[in-house]
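Spelled out from the first residue to the last, the chains are:
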Amino acid sequence: MNSAVTPPPVFNPFRQAQFVLSAARLAQLPKDHAGEAAFVGRSNAGKSSALNKICDQRALARVSKTPGRTQLINLFSLPSGHRLVDLPGYGFAQAPLEVKRAWGNLVGGFMEHRPNLRGVVVVMDIRRPLTDLDWQMLEWARSRNCATHILLTKADKLGFGATKNATREVEATLRARDFSAGVQAFSSESGLGLETVRATVDQWLAQTPTGDVESAEVGN
Ligand SMILES: Nc1nc2c(ncn2[C@@H]2O[C@H](COP(=O)(O)OP(=O)(O)OP(=O)(O)O)[C@@H](O)[C@H]2O)c(=O)[nH]1
Ligand SMILES: [Mg+2]
């Protein structure tokens with residue numbers, strides 16, 4: 001578990017999150033200095049559900065039973081001007097090659113080059129963590145020195161002991177690969193781990209500039 005987080009603020013800014021836009025290309029993203037926290041992960045892992053839970057809103061991000069539904073980058077703004085980003089999921093085997101290629105360009109481009117990126121929440125189903133593509137995300141984040149937090153979702157599907165073991169196992173694997181990231185169990189159903197992830201994202205964004213239009217000028 002990530003124990004080094006501060007208690008949540010009394011005012012919860014995530015409740016005020018608002019949809020900004022969906023982007024099919026990186027060029028459509030805002031060109032400013034606003035810090036962003038991105039949610040990445042395998043398709044169906046529970047990214048959109050986690051975002052909705054964090055923001056205490058039912059339908060901010062679209063949740064779907066069909067893997068691979070979110071093929072766009074969805075941006076949500078916070079009152080501070082910072083943004084949350086829901087990235088399209090990966091790992092859906094049946095997707096046509098051109099969809100996979102488009103995903104690679106979009107998510108790869110975002111992870112490697114988006115200047116606003118301040119932290120990455122890598123969302124994984126607690127029953128199937130650390131796939132090859134999860135590692136690719138982790139390595140992308142590491143290569144640009146970006147803060148990383150692993151959310152092991154759907155913990156409500158496991159008992160207390162199994163949740164603890166799965167979390168420890170992920171921590172041990174990361175240690176063995178000398179990878180530094182927060183790790184926590186989470187459930188969008190029960191709210192397990194909610195304050196920890198909120199505090200982590202809050203901390204990343206609090207240290208970075210906001211999306212004031214006056215500061216918007218950078219070419220991405
Ligand atoms: N039991 C349980 N189900 C969950 C949880 N999180 C998500 N789900 C379910 O898992 C399915 C996929 O959730 P999404 O949030 O749409 O997953 P996603 O990662 O955004 O998927 P893509 O947009 O396709 O990449 C939905 O049926 C959710 O209701 C959780 O914590 N517990
Ligand atoms: Mg989604």
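Summarised in this report is the structure supplied together with it.

### Details of the packing of aromatic side chains
Per the counting criterion, the structure on display carries three aromatic pairs. On the numbers, 5.9 Å between centres and 65° between planes, the contact of F19 with F76 is edge-to-face. Of the two residues, F19 sits in strand β1 (residues 18-23) while F76 sits in strand β3 (residues 73-77), which places them 57 residues apart along the sequence. When the ring of W135 is compared with that of F179, the centres are 6.0 Å apart and the planes differ by 85°; the resulting orientation is edge-to-face. You can see W135 sitting in helix α3 (residues 132-143) and its partner F179 sitting in the loop between α4 (160-176) and β7 (182-185), a full 44 residues away along the chain. F179 matches W135 in its accessibility class, with the two residues each being buried. Between R177 and the ring centre of W135, over which it is positioned, the NZ or CZ distance is 3.6 Å.

### Here we look at the pattern of salt bridges
Scanning all chains against the criterion turns up eight salt bridges. Across the salt bridge formed by D125 and R128, the nearest N and O atoms sit 3.0 Å from each other. A relative accessible area of 6% places D125 in the buried class. The network of salt bridges with shared partners includes D32, E36, R83 and R114.

### Let's talk about the pairing of strand β6 (residues 147-153)
Among the seven residues in β6, six count as buried, and that is most of the element. As paired elements, strand β5 (residues 117-125) and β6 share seven bridges and run parallel to each other. Paired with V122 across the two strands is I150, which belongs to β6. Following the backbone out of β5, through α3 and into the adjacent parallel β6, one traces a crossover that is right-handed. Of the crossover connections in this fold, the one passing from β6 over α4 to the parallel β7 is right-handed.

### Quick notes on unusual backbone geometry
Positive phi, normally seen in glycine, also occurs at L130, with a value near 55°. Among the secondary structure elements, L130 is positioned in the loop between β5 and α3. Even without being glycine, D178 reaches a positive phi, approximately 60°. With relative accessibility at 65%, the residue D178 sits in the exposed group.

### Let's talk about the nonpolar core
Counting 35 residues, the largest nonpolar core has I73, L87, M111, L138, I150 and L174 as the members making the most contacts within it. Residue assignment for this core shows that the elements contributing at least two residues are β2 (36-41), β3, α2 (97-113), β5, α3, β6, α4 and β7. Those residues in contact with L87, other than ones at most four positions away along the chain, are A38, F39, V40, K47, I73, V107, F110 and M111. Ranked by size, the runner-up nonpolar core spans 23 residues in total, among them F39, V121, V201 and L205.

### Brief notes about the sheet that holds β5
Paired through backbone hydrogen bonds, the strands of a sheet run either parallel or antiparallel to each other. Ordered in space as β1-β3-β4-β2-β5-β6-β7, the seven strands form an open sheet in which the pairing is mixed. Strand pairing shows two members of the sheet lacking a second neighbour, β1 and β7, which therefore form its edges. The sheet shows a mean angle of 20° between the axes of neighbouring strands, direction not considered. Contacts from α3 reach β2, β5 and β6 within the one sheet, and its direction differs from that of β5 by about 165°.

Cut-off values and rules
Residues numbered from 1 in each chain as written. Chains lettered and ligands numbered in written order. Predicted model: local features only at pLDDT ≥ 70, side-chain atom pairs only at ≥ 80, totals over all residues. Heavy atoms only, no water. Phe/Tyr/Trp six-rings, centres within 6.5 Å; stacked < 30°, edge-to-face > 60°. Helix = DSSP H or I, 4+ residues; strand = E, 2+ residues; numbered from the N terminus. Buried < 20%, exposed > 50% of the residue type's maximum accessible area, 1.4 Å probe, protein only. Lys NZ or Arg CZ within 6 Å of the ring centre and 35° of its normal. Salt bridge = Lys/Arg side-chain N within 4 Å of Asp/Glu carboxyl O. Pairing = 2+ DSSP bridges. Right-handed = clockwise from strand over helix to strand, strands pointing away. Core = buried A, V, L, I, M, F, W, Y, C linked by side-chain atoms within 4.5 Å. Contact = heavy atoms within 4.5 Å. Axes fitted to C-alpha atoms, helices over the stretch in contact; angles between N-to-C directions.

Any functional reading would require information that these geometric values do not contain.
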